[in-house]
Amino acid sequence: MPAETGPTAEPTTGPTQTERWTPRRGATGRLLAAELRLVLGRRRNQVFVAGLGLVPALLGLMLYLTRDDPRTSEGPGFLTQATNNGVFLVVASLFMCLPFLLPLTVALATGDAVAGEASAGTLRYLLVLPVSRSRLLFAKAVGALALVAVAVGVVATVGLVVGAALFGLHDVVLLSGTTVPLAEGMLRVLGVVVYIGLSLTGLVVVGLFVSTLTEVPIAAMVATVVVAVVSTILDTLPALSAVHPYLLTHYWYGFAELLRLEVDWNTVGTGLGLQVAWVVVFGAFAWSRFTQSNISS
């Protein structure tokens, strides 16, 4: 965001600088509520999330129509098992959305968070609210995370409903070949949903940081998606195996461990720990950029 070249005169009417920044009880809560209403109520976000809900519906329909085709068994284990148990349609749908559609959801949420406000000319008005810039940035992060959580939840819910309707819900055969009761299987699938949602937190904070660097929301969105795509590509290159454990997307598919009889909690914990590290580092970058910049738009 461009910096102001000189001091700006304060208006002769209205609150003074001291009064403007005086904290008021409940201001942060109202800001969070307003941000959630803005993000979740934006028509574009609603349409996009509804489109994500079509993914498990279309995937389930295609699997149902091709369930007798021997080529269907050539995919990942949880994808082929969806034709026998609707529970796995949840996992299969999230698996299909994870490489691009869910990062695109993150990009939509974070691109509008700061860059969108700056582009619309409303950011400087938000800064006169009786909350600090740190709390404003926190509210933007909560709004972005809420949209991502809703998107993941919609895909999972539609996948479960469509899977139950087309294939039924039965005892779950894990990837290791062991059968567990439906209740335990549902709990494991819930863990998969939560893990995938938490695995996107690092990208959310990266996108928020990028959003503080520009006043063009489309540029912020594209850059956020590019970060996810480049990380995924680098993770496939054997020559870069030394840096693979530090890549943002390296443990995204670690959710498969939750579908084995003996869960490798080290992999799950390492994956979540990596997201925490990305959140801390790029959260600090975003905070530093946002709190120290002179906002001119």
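Since this is a predicted model, take the numbers as computed values, not measurements.

Next up on the list: the packing of aromatic side chains. Considering all chains together, one arrives at seven aromatic pairs under this definition. On the numbers, 6.1 Å between centres and 55 degrees between planes, the contact of Tyr64 with Phe167 is tilted. Linking Tyr64 in helix α3 (residues 43-65) with Phe167 in helix α8 (residues 133-167), this pair joins segments that are 103 residues apart in sequence. Of the residues examined, Tyr64 reaches a relative accessible area of 31% and is grouped as partly exposed.

For the chain, per-residue confidence averages 88 on the pLDDT scale, and 87% of positions sit at 70 or higher. Long-range and interchain partners of residues 1-21, a stretch whose pLDDT sits below 50, account for 28 contacts in this model, where long-range means more than four residues apart.

Of all hydrophobic cores here, the largest spans 78 residues; its most connected members are Leu102 and Leu200. Per-element accounting of this core gives the leading share, 13 residues, to α8. If we ignore the near neighbours within four places in the chain, the residues touching Leu200 are Leu98, Leu102, Val106, Val148, Val152, Trp252 and Gln275.

Tracing the sequence through the fold places Ser211 in helix α10 (residues 201-211). Only 3.1 Å separates the side chain of Ser211 from the backbone nitrogen of Val114, close enough to count as a polar contact. In this structure, Ser211 is in contact with Thr110, Gly111, Ala113, Val114, Ala115 and Ala220, ignoring residues within four places of it in sequence.

Per the counting criterion, the structure on display carries six salt bridges. For Asp112, the salt bridge is made with Arg42, and the minimal N-O distance between the two is 3.6 Å. Within this pair, whereas Asp112 is found in helix α6 (residues 101-120), its partner Arg42 is found in the loop between α2 (27-41) and α3, the two being separated by 70 residues in sequence. Asp112 sits in the buried class, given a relative accessible area of 11%. Given the relative accessible area of 23%, Arg42 is considered partly exposed. Between Glu117 and Lys140 there is a salt bridge, with its nearest N and O atoms 2.7 Å apart. Here the residue Glu117 occupies a position in helix α6, and Lys140 occupies one in helix α8, the gap between them amounting to 23 residues. The same class applies to Glu117 as to Lys140, namely buried.

The rules we used
Residues numbered from 1 in each chain as written. Predicted model: local features only at pLDDT ≥ 70, side-chain atom pairs only at ≥ 80, totals over all residues. Heavy atoms only, no water. Phe/Tyr/Trp six-rings, centres within 6.5 Å; stacked < 30°, edge-to-face > 60°. Helix = DSSP H or I, 4+ residues; strand = E, 2+ residues; numbered from the N terminus. Buried < 20%, exposed > 50% of the residue type's maximum accessible area, 1.4 Å probe, protein only. pLDDT = per-residue confidence, 0-100. Contact = heavy atoms within 4.5 Å. Core = buried A, V, L, I, M, F, W, Y, C linked by side-chain atoms within 4.5 Å. Polar contact = N/O pair within 3.5 Å; in protein donor to acceptor, adjacent residues only side chain to side chain. Salt bridge = Lys/Arg side-chain N within 4 Å of Asp/Glu carboxyl O.

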